[in-house]
Amino acid sequence: MLVLLESLSFYRNVRVGAAVGALLAVLLYLVRTLELLGPLIDAREYPLFGPDVWFLLLAFVLAVTAALSVAIALTIAMAVRGARASDSERPE
């Protein structure tokens, strides 16, 4: 199993996905908290916590989802590339 994960560069893909997810979440959180797109109209009530805490939780969910999506996409691309390379090397 480890040989398969290493041949698909899975660990590298997870690191790249984590970096992309974290960067996306941090950028969107900064846009929200620094109000770079203008002030927000607070017409809602937020239970238990303020809006910044809820948005931080949403940023975490976005980071995890983006990291997983990028890692899966890169792993699938590596698997397809490996399958095509093995097909071209096979003598008929």
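Asker: How do you make sense of helix α2 (residues 10-33) when you look at a structure like this?
Answerer: Residue pairs three or four apart in sequence face the same way in an α-helix, which turns once every 3.6 residues. Between the first and last C-alpha of α2 there are 34 Å, a value that for 24 residues agrees with the 34 Å anticipated at 1.5 Å per step. For α2, the set of buried residues is N13, G17, G21, A25 and R32. With its phi angle positive at about 50 degrees, E35 sits one or two positions after the end of α2.

Asker: I'm lost on the packing of aromatic side chains in this one. Help?
Answerer: Here the distance between the centres and the angle between the planes together describe a pair of aromatic rings. All told, the structure shown has 3 aromatic pairs when counted by the stated rule. With a centroid separation of 5.8 Å and an interplanar angle of 70 degrees, the aromatic rings of F10 and Y11 are classed as edge-to-face. A relative accessible area of 29% means that F10 is categorised as partly exposed. We note R32 situated over the ring of F55; from NZ or CZ to the ring centre the distance is 5.6 Å.

Asker: How should a nonpolar patch on the surface be read in this particular structure?
Answerer: Among the surface-exposed residues, V26, L30, L34, L36 and L37 lie close enough to one another that they form a single nonpolar patch of about 530 Å² accessible area. Note on placement: L36 falls in the loop between α2 and α3 (51-89). Classification of L36 by relative accessible area gives exposed; the value is 57%.

Asker: Help me understand the side chain of R32, please; the structure alone is not making it clear to me.
Answerer: One can find R32 in helix α2. R32 gets classed as buried once you look at its relative accessible area, which sits at 15%. Sequence-distant contacts of R32, defined by excluding residues within four places in its chain, comprise L40, P51, D52 and F55.

Asker: Explain the pattern of salt bridges to me, please; I cannot follow it from the model alone.
Answerer: When charged atoms on two side chains of opposite charge get close, those side chains can pair. Scanning the model with the defined rule gives 1 salt bridge in all. Residue R32 is joined to D52 by a salt bridge in which the shortest nitrogen-to-oxygen separation is 3.7 Å. Of the two residues, R32 is situated in helix α2 and D52 in helix α3; the sequence distance between them amounts to 20 residues.

Asker: In this structure, what is going on with the side chain of T75? I would like to understand it.
Answerer: Examined against the element boundaries, T75 turns out to sit in helix α3. With relative accessibility at 14%, the residue T75 sits in the buried group. With residues near it in sequence (within four places) discarded, T75 still touches L8, F10 and N13.

Asker: I tried to follow unusual backbone geometry on my own but got confused; where do I start?
Answerer: Even without a glycine there, the phi angle at S9 is positive, about 55 degrees. Look at L48: it is not a glycine, yet its phi comes out positive at around 70 degrees. Locating L48 in the fold gives a position in the loop between α2 and α3. Overall, the relative accessible area of 79% leaves L48 in the exposed class.

Analysis parameters
- Residues numbered from 1 in each chain as written.
- Predicted model: local features only at pLDDT ≥ 70, side-chain atom pairs only at ≥ 80, totals over all residues.
- Heavy atoms only, no water.
- Helix = DSSP H or I, 4+ residues; strand = E, 2+ residues; numbered from the N terminus.
- Expected span 1.5 Å × (residues − 1).
- Buried < 20%, exposed > 50% of the residue type's maximum accessible area, 1.4 Å probe, protein only.
- Phe/Tyr/Trp six-rings, centres within 6.5 Å; stacked < 30°, edge-to-face > 60°.
- Lys NZ or Arg CZ within 6 Å of the ring centre and 35° of its normal.
- Patch = residues over 30% accessible without salt bridge, like charges linked within 9 Å, V, L, I, M, F, W, Y side chains within 5 Å.
- Areas by Shrake-Rupley, 256 points an atom, 1.4 Å probe, with all protein chains shown as cover.
- Salt bridge = Lys/Arg side-chain N within 4 Å of Asp/Glu carboxyl O.
- Contact = heavy atoms within 4.5 Å.

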